[in-house]
Amino acid sequence: MSFPALWLSRNEEEKEQHLELLERDVSDLMEGDTIVKVAYSTLNYKDALALTGKAPVVRKWPMIPGIDFAGVVESCESDALKPGDEVVLNGWGCGEVHFGGYAGKARTPAKWLVKLPKNIDAKTAMEIGTAGYTAMLCVLALEEQGVRAGDGEVLVTGASGGVGGVSIALLSKLGYKIVASTGRMEESDYLKSLGADEVLDRNTLSEKGKPLAKERWAGVIDSVGSHTLANALAQTRYGGAVAACGLAQGMDLPASVAPFILRGVRLIGVDSVMASPELRAKAWSRLAKDLDMKKLASMTQTATLKDLESLAKNLLAGKVRGRVLVEVGA
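Residues numbered from 1 in each chain as written. Predicted model: local features only at pLDDT ≥ 70, side-chain atom pairs only at ≥ 80, totals over all residues. Heavy atoms only, no water.

Here the focus is the nonpolar core. For soluble globular proteins, the rule of thumb is that nonpolar side chains tend to be buried together. The biggest cluster of nonpolar side chains holds 53 residues, and the ones touching the most others in it are Val88, Ile168, Leu170, Leu171, Leu191, Trp284 and Leu291. With 14 residues, helix α2 (residues 122–144) is the single largest residue contributor to this core. Once you skip the residues sitting within four places of it in the chain, isoleucine 168 turns out to touch Val156, Ala159, Ile178, Ala180, Leu191, Leu194, Gly195 and Ala196. If you look at the next biggest cluster of nonpolar residues, it comprises 46 residues, including Leu19, Val36, Leu51 and Met63. (Core = buried A, V, L, I, M, F, W, Y, C linked by side-chain atoms within 4.5 Å. Buried < 20%, exposed > 50% of the residue type's maximum accessible area, 1.4 Å probe, protein only. Helix = DSSP H or I, 4+ residues; strand = E, 2+ residues; numbered from the N terminus. Contact = heavy atoms within 4.5 Å.)

Have a look at this one:
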């Protein structure tokens, strides 16, 4: 039986992308030992880059985009999963070199899939999405570096985005004092409803700053990069830690070694794409425990596959708040 799929192709001579919604069959899918009936996916920053062609995210053509999905196992050739299991996938090159979540079905290796905790269904999993899963990885990184709730303020940059919103909700429930940085100060009430204690205009961090500034942050979760990350490092307290997971402002890091060698600041890179199955399972288990699911509704808007081309442009323009849940085969 056929299913809808968002099909991204490219004219190799002119390097122009073409996006269309087509019907596809299981025989069209890539290799893997497990077939999943996809219920939901999401629109992430990387997805938006792929859909618009603003960055060379896609490395194999043609491609079904979508770096994540959640759904129900239809068949599995290994003993890892069984039909009826609800699973989630984040990363592993899906939407880049392997067909992703913007289709009614997906075929992947079983090891790429995480069986969902009992209190998280497929819809909730994608309301959380890769952004929320990445936020949990960042919180785990800060915890592993010894940053505790009573140590002082934690800065969350890119706060109005998906990673930022879930980071705030998680840190709030865990008892941290949170300062949210955003370019949309009109979202202050929203960010405070998620748990932020204070909201900063991102302009205070986004310009070139000093190698060392007044110590303030016990920890930082940064999804922005560039000058914002450099300034966050310069303001981190002695022995503090910064978890970096994004590049919304840029891939550059115009910083100095001063925070590292004079204050013992630790910069921790957080990668959600190739994280180990064990770390993924830990992150989803903690999300089930430490995320206030009631806050997801205020972070989330719902879309269909037909909406994604225009939404991708809005997301890159900073016009999308929080999370975008994509109904695929719900």
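Right, picking up where we left off after that structure.
With that out of the way, let us pick up the sheet that holds strand β13 (residues 266–269). An order of β10-β9-β8-β11-β12-β13 is seen for the 6 strands of this open sheet, with the pairing classed as parallel. Every interior strand has two partners, whereas the edge strands, β10 (198–201) and β13, have only one. In this sheet, adjacent strand axes meet at a mean angle of 20 degrees when their direction is disregarded. Pairing geometry for strand β8 (residues 153–156) and strand β11 (residues 217–222), over 3 bridges, is parallel. The partner of leucine 155 across the bridge, within β11, is valine 220. Against the sheet, α2 engages β8, β11, β12 (236–244) and β13, with an angle of about 150 degrees to β12. (Pairing = 2+ DSSP bridges. Axes fitted to C-alpha atoms, helices over the stretch in contact; angles between N-to-C directions.)

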